[in-house]
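Spelled out from the first residue to the last, the chains are:
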Amino acid sequence: MISRVNILVTGATGFIGRHLVGPLSKTYSVRCLVRESSDITPLKDLNVDIAYGDLLVRDSLGPALDGIDLVYHLAGEVYSRRKQDYYKGNVLATQNLLEACKEKNTKRIIFISSTGVYKPATTRTLITEKSECEPMSIYGKTKLEAEGLIRKCGIPWVIVRASLIYGPHQKSVLDRFFRDAITKGKIYIMGNGDNLRSFCFIDNFVGGLILLADKPEVVGKTYILSDNISYTYNKVIETASKAIQQKIRVVQLPSFFGNISWKINSLIGDVFGLFLVELYAIGKTQLHEAYDIAKARNEIGYNPRITLETGIKRTAEWIKSNLSNAH
Ligand SMILES: NC(=O)c1ccc[n+]([C@@H]2O[C@H](COP(=O)([O-])OP(=O)(O)OC[C@H]3O[C@@H](n4cnc5c(N)ncnc54)[C@H](OP(=O)(O)O)[C@@H]3O)[C@@H](O)[C@H]2O)c1
């Protein structure tokens, strides 16, 4: 009899984690690392074990890793306003996890990094795994630093650079963008909306993550996972409007607003140690962020089937049902 692969997922209660663990548990034996403070409601009806631990408390991680073959390391800091939280949540947390994994002889770690590690593109050329890394945010810098720890940890590793993931249970600025489109019929963009952007629907992303679980040839490799096609903002808005059958009014603000928000964010970062996700997002809307997924498609058979229109429809349905639940 072939023994089942035992998987530990960190960040299982987060946006991506809650979508990953259900499908993963259909094939593998899954344990979720959660904190005492975590809301574990999304995991309650799933066939998964729960292990309590905190990635910032090194000694709490041993029991969670007992008997584990593979770790999906999703936990990280994505939305904090304090710069130091990014270092703790992305670098220190990863370092603690890797030390604990080494002690327990974990056989593979799949680390979820971000396309935020790349140097922002000023042209429409697609970014590949080989493109230059030069993160513009504290988030990207700490994800790149964590990638460095993963590469030299001595445990067989895979790094996934995720583009912007969207779908039900999404958070923060992206969710506000969708909600404004649905509830106010209006969104703001910087510039003329002609710049390219890659999105990835959550189910497409989860499909890619699961493909990495047991392929021996992926060890020591980095993959970008995103949807098949990059769109201009104008095309995204047009598709969203069609998908939700609602007119969306676009308010175009001059591109220099993006530059200003960027400068303000850097300044308050240097002076007060703060990072304002909203200003970061505004600054980014004027850049091209388009990614090439040929490597994942050719080497692991990644096939993100869900189109932008379907993805937006499903996300909008979730937002609408949430709005009515709230009343
Ligand atoms: N969402 C995106 O568009 C996107 C794009 C690129 C890359 N990524 C990467 O994907 C990963 C998951 O993102 P997400 O959007 O799912 O984030 P999220 O919703 O903010 O979830 C973060 C998860 O990390 C857990 N966590 C944080 N600190 C922890 C600690 N000290 N110990 C144990 N668990 C801890 C949280 O647990 P609690 O429930 O206790 O808070 C939560 O489950 C992150 O590494 C992120 O950088 C995300």
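What counts, and at which threshold
Residues numbered from 1 in each chain as written. Predicted model: local features only at pLDDT ≥ 70, side-chain atom pairs only at ≥ 80, totals over all residues. Helix = DSSP H or I, 4+ residues; strand = E, 2+ residues; numbered from the N terminus. Rg over C-alpha atoms; globule rule 2.2 N^0.38 Å. Buried ≥ 20, exposed ≤ 12 C-beta atoms within 10 Å, placed from the backbone. Contact = placed C-beta atoms within 7 Å. Near = placed C-beta within 6 Å. Nonpolar A, V, L, I, M, F, W, Y, C, P; charged D, E, K, R; others polar. Pairing = 2+ DSSP bridges. Axes fitted to C-alpha atoms, helices over the stretch in contact; angles between N-to-C directions. Expected span 1.5 Å × (residues − 1). Left-handed = near helix turned anticlockwise from the far one by under 90°. Core = buried A, V, L, I, M, F, W, Y, C linked by C-beta atoms within 7 Å. Right-handed = clockwise from strand over helix to strand, strands pointing away.

Colleague: How should the overall build of the protein chain be read in this particular structure?
Modeller: Along the backbone of the protein chain there are eleven helices and 13 strands. The C-alpha radius of gyration of the protein chain comes to 20 Å, within 12% of the 20 Å expected for a compact globule of 327 residues. Each principal axis of the C-alpha distribution contributes one length, and for the protein chain these read about 60 × 45 × 40 Å. Expressed as a percentage of its 327 residues, the buried residues of the protein chain come to 42%. Restricting to contacts in the protein chain with at least 6 residues of sequence separation, those with at least 24 account for 76%.

Colleague: What is the right way to read the site of the ligand from this model?
Modeller: As a structural note, the neighbourhood of the ligand is formed by 27 residues, with Gly 11, Gly 14, Ser 38, Ala 75 and Gly 76 the closest of them. At the level of elements, α1 (15-25), α3 (83-103), β5 (108-114) and β7 (164-166) are the ones that each hand at least two residues to the shell around the ligand. In terms of residue count, the dominant contributor to the shell around the ligand is α1 (three residues). Among the residues forming the shell around the ligand, the class breakdown is 13 nonpolar, ten polar and four charged.

Colleague: Help me out: how do you make sense of the sheet that holds strand β4 (residues 70-73) in this one?
Modeller: Strand order in the open sheet made by the seven strands is β3-β2-β1-β4-β5-β6-β11, with parallel pairing throughout. Looking at which strands have only one partner, the edges of the open sheet turn out to be β3 (48-52) and β11 (221-225). Taken pair by pair, the neighbouring strands of this sheet meet at an average axis angle of 20°, ignoring direction. Inspection of the sheet shows strand β6 (residues 157-162) paired to β11 by five bridges, in the parallel sense. From the neighbouring strand, Arg 161 faces β11, where its bridge partner is Ile 224. Of the strands in this sheet, β5 and β6 touch helix α4 (residues 138-151), which is tilted by about 160° from β5.

Colleague: Would you take a moment to explain α4 for this structure?
Modeller: Residue pairs three or four apart in sequence face the same way in an α-helix, which turns once every 3.6 residues. Taking 1.5 Å of rise per residue, the 14 residues of α4 would be expected to cover 20 Å, and the 20 Å separating its terminal C-alpha atoms lies within 8% of that figure. For α4, a buried count of ten out of 14 residues is recorded, marking the element as mostly surrounded by other parts of the structure. Where α4 is concerned, the buried positions are Ile 138, Tyr 139, Gly 140, Lys 141, Thr 142, Lys 143, Leu 144, Ala 146, Glu 147 and Ile 150. Against α3, β5, β6 and α8 (256-272) lie the buried residues of α4.

Colleague: Sorry, what's going on with the packing of α8 against helix α9 (residues 277-284) here?
Modeller: Between α8 and α9, the shortest axis-to-axis distance is 7 Å and the interhelical angle comes to 145°. For α8 against α9, the interelement crossing comes out left-handed. The residues of α9 that touch α8, namely those facing Phe 257, Gly 258, Ser 261, Trp 262, Ile 264 and Asn 265, are Leu 279, Tyr 280, Ile 282 and Gly 283. Here the contact of α8 with α9 is built from residues that sort into six nonpolar, four polar and no charged.

Colleague: Mind showing me how you'd approach the nonpolar core here?
Modeller: A general tendency of soluble globular proteins is for nonpolar side chains to be buried together. Ranked by size, the top nonpolar core spans 68 residues in total, and within it Val 9, Val 160 and Leu 225 carry the most contacts. With six residues, α3 is the single largest residue contributor to this core. Discounting residues that sit within four places of it in the chain, Val 9 has contacts with Gly 17, Leu 20, Val 21, Val 30, Cys 32, Leu 33, Tyr 72 and Leu 74. Of all hydrophobic cores here, the second largest spans 18 residues; its members include Tyr 139, Ile 189, Met 190 and Tyr 280.

Colleague: Please clarify how the pairing of β4 should be interpreted in this entry.
Modeller: Across the two faces of β4 the burial is the same, with Leu 70 and Tyr 72 and Val 71 and His 73 all buried. Judged from the four bridges that link them, strand β1 (residues 6-10) and β4 form a sheet pairing that is parallel. If you follow Leu 8 over to β4, its bridge partner there is Val 71. Where β4 lies against β5, four bridges are found, and the strand directions are parallel. For Val 71, the partnering residue across the bridge sits in β5 and is Ile 109. This β-α-β element, β4 to α3 to β5, shows right-handed connectivity.

Colleague: Honestly, the environment of Asp 69 in this entry has me stumped. Any pointers?
Modeller: By the secondary structure assignment, Asp 69 is in the loop between α2 (62-65) and β4. Considering only alpha carbons, one finds Asp 69 and Cys 101, 32 residues apart in sequence, at a separation of 9.5 Å. Those residues in contact with Asp 69, other than ones at most four positions away along the chain, are Val 5, Asn 6, Thr 106, Lys 107 and Arg 108.

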